[in-house]
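Tertiary structure, described
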Amino acid sequence: MTLVELTDVSKRYGAARALEGVCLEVHAGAVTCVLGDNGAGKSTLIKIISGLHQHDGGVLRLDGEETRLSSPREALDRGIATVHQNLAVVPLMPVWRNFFLGSEPRKGVGPFKRLDVDLMRRTTRAELLRMGIDLRDVDQPIGTLSGGERQCVAIARAVYFGAKVLVLDEPTAALGVKQSGMVLKYVAAARDKGLGVVLITHNPHHAHLVGDRFVLLKRGMMVGTHTRDSITLEELTRQMAGGNELDDLRHELERTG
């Protein structure tokens, strides 16, 4: 089932071309990886899918329906949850409070309404355990967690609040090998729960571990689209590194030597 489809999508900021003719499909229960170096257009693509910016050309479809997202709230209401690199958490607040930030359940009536803290604590603990995350204490400030653990809390939150599409912006960029492995494990868990995952990354090794489809961007344009069965890690890495341009550079350096 195709949850999100972009066809020949373009975006310009004044005279600058950020995206041109990009096509992308996000399927339920699959991971679509978008790869590219800095300036490739990955951030612009995220902003279009998450409703922060609107595309100038092409077509965006959600569940087969052509649409233009007017805001991140509309995208969230349509089932698209975006986990940005900075995570947008409040470091000094406990894990459970960050888990429900902006969607806090309340109990009581009228002027006696108050936050249902017990429910939030229990739910946070249970939902993290469902994703295989066993935190020592959901009352600890989220800023005391590792980068990988904070990413995993954000993924579990999106799953709990009913996201159909999960967009992850460079979730392993600042993490070591062990923490990156932890995050990729929960990316796979979200996929196995039937979500369509968009993984934005510049790391082909991480992409190839969990990806079902790969879209390569360079200077705002698509330079390749592949399925997992059609490309090896070595070829994906080669294309990500520049492909023929890298071969040309190697020959030039050899001649100079």
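Residues numbered from 1 in each chain as written. Predicted model: local features only at pLDDT ≥ 70, side-chain atom pairs only at ≥ 80, totals over all residues. Heavy atoms only, no water.

1. Here's the deal with the nonpolar core
Leu-128, Ile-155 and Leu-166 are the most contacted members of the largest nonpolar core, which totals 45 residues. In terms of residue count, helix H5 (residues 147-160) provides more of this core than any other element does, 7 residues in total. With sequence-adjacent residues up to four places away left out, Leu-166 is seen in contact with Ala-81, Val-83, Ile-155, Ala-158, Ala-190, Leu-195, Gly-196, Val-197 and Val-198. Residues Val-4, Ala-40, Ile-48 and Ile-200 belong to the second largest nonpolar core, which totals 25 residues. (Core = buried A, V, L, I, M, F, W, Y, C linked by side-chain atoms within 4.5 Å. Buried < 20%, exposed > 50% of the residue type's maximum accessible area, 1.4 Å probe, protein only. Helix = DSSP H or I, 4+ residues; strand = E, 2+ residues; numbered from the N terminus. Contact = heavy atoms within 4.5 Å.)

2. Concerning the packing of H5 against helix H6 (residues 177-192)
Running from N to C, H5 and H6 cross one another at 10°; their axes reach a closest spacing of 8 Å. Classified by the angle their axes make, H5 and H6 are roughly parallel. Side by side, H5 and H6 meet where Gly-147, Gly-148, Glu-149, Gln-151, Cys-152, Ile-155 and Val-159 of the first sit next to Gln-179, Met-182, Val-183, Tyr-186, Val-187 and Ala-190 of the second. Partitioned by chemical class, the residues of the contact of H5 with H6 number 8 nonpolar, 4 polar and 1 charged. (Axes fitted to C-alpha atoms, helices over the stretch in contact; angles between N-to-C directions. Parallel < 35°, antiparallel > 145°, perpendicular 65-115°, else oblique. Nonpolar A, V, L, I, M, F, W, Y, C, P; charged D, E, K, R; others polar.)

3. Here's the deal with the packing of aromatic side chains
Counted according to the given criterion, the structure contains 6 aromatic pairs. Measuring from ring centre to ring centre gives 5.8 Å for Phe-100 and Phe-161, while their planes differ by 80°; the resulting arrangement is edge-to-face. Taken together, the residues Phe-100 in the loop between helix H3 (95-99) and strand E7 (106-107) and Phe-161 in the loop between H5 and strand E9 (165-169) connect sequence positions 61 residues apart. Ring-pair connections join several aromatic residues into one group, and the members of that group are Phe-99, Phe-100, Tyr-160 and Phe-161. (Phe/Tyr/Trp six-rings, centres within 6.5 Å; stacked < 30°, edge-to-face > 60°.)

4. Side note on the pattern of salt bridges
Taken as a whole, this structure holds 13 salt bridges when the rule is applied. Note that Glu-127 and Arg-130 form a salt bridge whose closest N and O atoms lie 3.2 Å from each other. Remark: Arg-130 and Glu-127 occur in helix H4 (residues 117-130); sequence separation between them is 3 residues, near one turn of the helix. Note on Arg-130: relative accessible area 55%, which makes it exposed. Three or more residues joined by partner-sharing salt bridges are found here, namely Asp-118, Arg-121 and Asp-139. (Salt bridge = Lys/Arg side-chain N within 4 Å of Asp/Glu carboxyl O.)

5. Some remarks on the pairing of E9
Counting buried positions along E9 yields 5 of 5 residues, so the element is predominantly enclosed. Because side chains alternate across E9, one face comprises the buried residues Val-165, Val-167 and Asp-169, and the other comprises Leu-166 and Leu-168, equally buried. Bridge analysis of strand E6 (residues 80-83) against E9 gives 4 bridges, and the strand direction is parallel. In the strand pairing of E9, Ala-81 is matched with Leu-166. (Pairing = 2+ DSSP bridges.)

6. As for the side chain of Asp-116
Note that Asp-116 resides in the loop between strand E8 (114-115) and H4. It is Lys-107 that comes nearest to the buried, bridge-free Asp-116 among opposite-charge side chains, at 4.0 Å. Discounting residues that sit within four places of it in the chain, Asp-116 has contacts with Pro-105, Arg-106 and Lys-107. (Lys, Arg positive; Asp, Glu negative; His and termini not counted.)

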